[in-house]
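The residues making up each chain are set out below.
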Amino acid sequence: MSEPPFSEVLRNATWSNHESAEDEGYLKVLMEGRLSREAYGEMVAQHYFAYVALDTVSETLAEDPVAGPFVFPALYREPALVRDLETIYGAEWRSRIEPSEPTRRLVARIEQTAAWPGGYVAHHYTRYMGDLSGGQFIRMELQKIYGYQRDGGVDFYLFDEIGSLPRFKNEYRARLDALAADEAEKQRIIEETRLAYRLNTEVLADLGRVVRAELAA
């Protein structure tokens, strides 16, 4: 029997971590339409800090043989997040946001992967494959709840420049399957992906403070 492709191994090995990330209370209340635009903006702000770090490492590793195949400038999220934050908070948005402690830990870990291309792949996969999958459902719900369309509000979830999302995801999986790494390194990537899910879940869990403040008001 042939070995399963690495994309399948990675997905199966981290599926429980993926489900835990989806179960966080903040997202549940957000999807129920019970939070203000500013409370939604708290999540957008945390995304901003994480993706500035991820985009920066992407640029650093663009020519690396392991990480390079996963660097897609069309995926960079900083410009979209800036538009979203301007829409939510106005021109002075930078003075309205700051990274939470869990976000600081996530950002620090992402920045460390500039010296470890396999770790970069783990964090890139964790974020972007989620954004291209479940993130699209989140976008549609947010559009219904807040009335956002394009050019600010939910641009983070729009990936027009990559064309067909299913086709792109298939290409991404093919690149995972062709990853220039031995079995030991692939196992390290799996463990780092689990860590990436945990760190991202901690960011969402911390946003529970926003829910408590909103619902108590």
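Below you will find a few notes about this structure. For clarity, every value in this text was computed on a predicted model and none was experimentally measured.

Some words on the environment of alanine 196
Argument step 1. Topologically, alanine 196 is positioned in helix α9 (residues 183-206).
Argument step 2. Given a relative accessible area of 0%, alanine 196 falls into the buried group.
Argument step 3. C-alpha of alanine 196 to C-alpha of glutamate 171: the two residues are 25 residues apart in sequence and 22 Å apart in space.
Argument step 4. Not counting residues within four places of it along the chain, the set of residues in contact with alanine 196 comprises Ala122, His123 and Thr126.

Structural notes on the environment of arginine 34
Argument step 1. Along the polypeptide, arginine 34 turns up in the loop between α2 (25-31) and α3 (37-60).
Argument step 2. When its relative accessible area of 44% is taken as the criterion, arginine 34 is described as partly exposed.
Argument step 3. Along the backbone, arginine 34 and methionine 129 are 95 residues apart, and their C-alpha atoms lie at a distance of 27 Å.
Argument step 4. A polar contact of 2.9 Å, which involves the side chain of arginine 34, links it to the side chain of glutamate 32.

Topic: the environment of serine 133
Argument step 1. Positionally, serine 133 belongs in the loop between α6 (117-131) and α7 (134-146).
Argument step 2. Expressed as a C-alpha distance, the spacing of serine 133 and proline 166, which sit 33 residues apart in the sequence, is 9.0 Å.

Points about helix α8 (residues 165-177)
Argument step 1. Its 13 residues place the ends of α8 18 Å apart at the C-alpha level, agreeing with the 18 Å of an ideal helix rising 1.5 Å per residue.
Argument step 2. The N-cap of α8, judged by a side-chain oxygen 3.2 Å from the amide nitrogen of arginine 167 a few residues on, is serine 164.

A short note on the packing of helix α5 (residues 101-112) against α9
Argument step 1. Look at α5 against α9: their axes get within 8 Å of each other, and the N-to-C directions meet at 155°. Taken together, the axis directions place α5 and α9 in an arrangement best described as roughly antiparallel. Here the hand of the crossing between α5 and α9 comes out left-handed. On the side of α5, the interface is formed by Pro102, Thr103, Arg105, Leu106 and Arg109, while α9 contributes Glu192, Leu195, Leu199, Asn200, Glu202, Val203 and Asp206.
Argument step 2. Looking at the contact of α5 with α9 residue by residue, the classes come out as 5 nonpolar, 2 polar and 5 charged.

Considering the packing of α6 against α9
Argument step 1. Interhelical geometry of α6 versus α9 gives an angle of 45° and a closest axis separation of 8 Å. One finds that α6 runs oblique with respect to α9. Considering the relative orientation of α6 and α9, their crossing is right-handed. Where α6 abuts α9, its residues Gly118, Gly119, Ala122, His123, Tyr125, Thr126 and Arg127 lie against Glu185, Ile189, Glu192, Thr193, Ala196, Tyr197, Leu199 and Asn200.
Argument step 2. Within the contact of α6 with α9, the residues separate by chemical class into 6 nonpolar, 6 polar and 3 charged.

Remarks on the pattern of salt bridges
Argument step 1. For the structure shown, the criterion picks out 15 salt bridges.
Argument step 2. Measuring nitrogen to oxygen at the nearest pair gives 2.9 Å for the salt bridge that ties glutamate 32 to arginine 34.
Argument step 3. Among the ionic pairs, arginine 104 bridges to glutamate 101, the shortest N-O distance being 3.3 Å. Placement of both arginine 104 and glutamate 101 in helix α5 is noted, with a separation of 3 residues, approximately one turn of the helix.

Re the packing of aromatic side chains
Argument step 1. Taken as a whole and assessed by the stated rule, the structure comprises 12 aromatic pairs.
Argument step 2. Here the aromatic rings of tyrosine 51 and phenylalanine 156 are separated by 5.2 Å at their centres, their planes lie at 75°, and the arrangement is edge-to-face. Note that tyrosine 51 is positioned in helix α3 and phenylalanine 156 in the loop between α7 and α8, a separation of 105 residues in sequence. Residue tyrosine 51 shares its accessibility class with phenylalanine 156, and that shared class is buried.
Argument step 3. Counting every residue linked through ring pairs, the aromatic cluster contains Tyr51, Tyr128, Phe156 and Tyr157.
Argument step 4. The residue whose ring lies beneath arginine 77 is phenylalanine 159, and the NZ or CZ to ring-centre distance is 4.0 Å.
Argument step 5. When the ring centre of tryptophan 116 is taken as reference, the NZ or CZ atom of arginine 188 above it lies at 4.0 Å.

The rules we used
- Residues numbered from 1 in each chain as written.
- Predicted model: local features only at pLDDT ≥ 70, side-chain atom pairs only at ≥ 80, totals over all residues.
- Heavy atoms only, no water.
- Helix = DSSP H or I, 4+ residues; strand = E, 2+ residues; numbered from the N terminus.
- Buried < 20%, exposed > 50% of the residue type's maximum accessible area, 1.4 Å probe, protein only.
- Contact = heavy atoms within 4.5 Å.
- Polar contact = N/O pair within 3.5 Å; in protein donor to acceptor, adjacent residues only side chain to side chain.
- Expected span 1.5 Å × (residues − 1).
- Axes fitted to C-alpha atoms, helices over the stretch in contact; angles between N-to-C directions.
- Parallel < 35°, antiparallel > 145°, perpendicular 65-115°, else oblique.
- Left-handed = near helix turned anticlockwise from the far one by under 90°.
- Nonpolar A, V, L, I, M, F, W, Y, C, P; charged D, E, K, R; others polar.
- Salt bridge = Lys/Arg side-chain N within 4 Å of Asp/Glu carboxyl O.
- Phe/Tyr/Trp six-rings, centres within 6.5 Å; stacked < 30°, edge-to-face > 60°.
- Lys NZ or Arg CZ within 6 Å of the ring centre and 35° of its normal.

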